[in-house]
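Here's the letter readout for the chains.
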Amino acid sequence: FDGVLNIPETVNRCTVIGIEDGGLSDVYPLTELNLPSTFNMISENLFNGCWQLESINVAEDNSVFASVNGVLYNKALTEILCVPADFCGDLVIKAGVTELSDDMIAALSNASSVEVEKGNTAFAFEDDILYNADFTKIYKAFSTPADYVMKETVVEIADYSFQGNETLESVVFAPGVTDITYAS
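Rules used throughout
- Residues numbered from 1 in each chain as written.
- Predicted model: local features only at pLDDT ≥ 70, side-chain atom pairs only at ≥ 80, totals over all residues.
- Heavy atoms only, no water.
- Phe/Tyr/Trp six-rings, centres within 6.5 Å; stacked < 30°, edge-to-face > 60°.
- Helix = DSSP H or I, 4+ residues; strand = E, 2+ residues; numbered from the N terminus.
- Buried < 20%, exposed > 50% of the residue type's maximum accessible area, 1.4 Å probe, protein only.
- Lys NZ or Arg CZ within 6 Å of the ring centre and 35° of its normal.
- Core = buried A, V, L, I, M, F, W, Y, C linked by side-chain atoms within 4.5 Å.

A. The arrangement of the packing of aromatic side chains in detail. Applying the stated criterion to the full structure yields four aromatic pairs. Where F123 meets Y139, the ring centres are 5.3 Å apart and the plane angle is 65 degrees; that geometry is what we call edge-to-face. Of this pair, F123 sits in strand β14 (residues 123-126) while Y139 sits in strand β16 (residues 137-141), and the two are 16 residues apart along the sequence. Summarising the burial analysis for this pair, F123 and Y139 share the class buried. Look at Y148 and F162: their rings are 6.2 Å apart centre to centre, the planes differ by 55 degrees, and that puts the pair in the tilted class. Separated by 14 residues along the polypeptide, Y148 in strand β17 (residues 147-149) and F162 in the loop between β18 (156-157) and β19 (170-172) bring together distant segments of the chain. Across this residue pair, the class does not change: Y148 and F162 are buried. Geometry around Y131 places K151 over its ring, the cationic atom sitting 6.0 Å from the centre. For K151, the ring lying beneath its charged end belongs to F135, and the centroid distance is 5.0 Å.

B. Molecular detail of the nonpolar core. Core analysis: the largest hydrophobic core is formed by 22 residues, its most contacted members being I80, V83, L91, I93, L100, F123 and L130. Elements with a contribution of two residues or more to this core: β9 (71-74), β11 (90-93) and β13 (113-116). Formed by 17 residues, the second largest nonpolar core is a distinct cluster that contains I7, V16, F47 and C82.

What follows is the structure, encoded as structure tokens:
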């Protein structure tokens, strides 16, 4: 197995529309996943255990999902559904993206760069930190000064937001922070 898994459109004349929870956990080492046009369902824990997954690619004629630079989106490009665990490319948060799941934030640590596309009204990227547009939520702090002083506007810190930040030694929290989630 060379690490590339091409999901077929059919198996024994049955259309492949998805893979059940954990269906990829024993596929080792899975580095690239290619989804057909028929694939229209992703179970919640499908990518658990896929620590070497670098890229998810979707057939262009898929009506439910899309991929950009190996990152899985919904077809409308309004939600990033999965950043592969070992993704090392340039992540562009497209202009139409309005949602990022907190669960996918951990995978951002390996991205070589992050850019919020011009025209995106939901997110901002400043000083190597990914925020929501009004700077009240930190999604990911890629690097910070060793003694980081948080913006006064921040009230929420997403799951895994400081994971992989090797420069951070201490944080001065904004006075309005009321929500620090798992593994922040």
